[in-house]
Amino acid sequence: MAGRDDDARAGRPRRETRAQREWRPGMTRPPRSVRVMFASAVLSLEALLMFFYGLMAWGLHQNEWFAWWLFGGSLVVSALLILTCAVLPRPWGYWMGWILQGVIIAGGVFEPFMYFVGVMFLACWWYAVVKGRQLDREKMERWRAEERLAAEAEPGHPETEHMHREES
């Protein structure tokens, strides 16, 4: 019982994630992916788009037999867009995003203006994926260079010891 109180007083959570358990003082984490952040932003905006598209399409076709199916389908697509944000770090997450881009464009069958809006969001998705990949590469190169510099600056590092002897 005392162990739990000590952990609570030390600011440690009762349940820790794997990353929290493996963390040691002085460890640094690799930077977060810009590609995932960009793509998640686009998918989140598309989820809102599909929700409002469903409301609009239902309102325009509410006397048709398929109105509720259209509204329900757009809500399902909206939920899938949000869930795709969670799986973007996996390789198949981006494929799911590309497939959902096609589904959004296909919404133009019921409202032709959706073709235009879908293509615009497809362009945003493409830019987020391509530019995000490029920025991630540059960010990782910079992070690795900073890690090397930090390691070289540590006392006891052979190159650092050599520099200190020359200065004396």
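Our subject is the structure that appears above.
All of these numbers come straight from a predicted model, not from anything done at the bench.

Draft legend 1. The overall build of the protein chain, seen in detail. Helix and strand content of the protein chain: 7 helices and 0 strands. Listed by position from the N terminus, the elements making up the protein chain come as α-α-α-α-α-α-α. Burial analysis of the protein chain (168 residues in total) assigns 27% to the buried set. Long-range contacts, defined here as pairs at least 24 residues apart, represent 66% of the contacts in the protein chain between residues at least 6 apart. Accessible surface, the protein chain: about 12,200 Å² in total, of which carbon and sulfur atoms supply 64%.

Draft legend 2. Broad picture of the nonpolar core. Counting residues in each nonpolar core, the largest one holds 24 residues, and the members touching the most others are Met 50, Leu 81, Leu 88, Tyr 94, Met 114 and Trp 125. Within the residue set of this core, elements represented by two or more residues are helix H3 (34-60), helix H4 (67-87), helix H5 (91-106) and helix H6 (113-153). Sorting elements by how many residues they give to this core places H3 first, with 9 residues. The contacts of Trp 125, once residues within four sequence positions are left out, are Ala 39, Val 42, Leu 43, Leu 88, Tyr 94, Gly 97, Trp 98 and Gln 101.

Rules of the game
Residues numbered from 1 in each chain as written. Predicted model: local features only at pLDDT ≥ 70, side-chain atom pairs only at ≥ 80, totals over all residues. Heavy atoms only, no water. Helix = DSSP H or I, 4+ residues; strand = E, 2+ residues; numbered from the N terminus. Buried < 20%, exposed > 50% of the residue type's maximum accessible area, 1.4 Å probe, protein only. Contact = heavy atoms within 4.5 Å. Areas by Shrake-Rupley, 256 points an atom, 1.4 Å probe, with all protein chains shown as cover. Core = buried A, V, L, I, M, F, W, Y, C linked by side-chain atoms within 4.5 Å.

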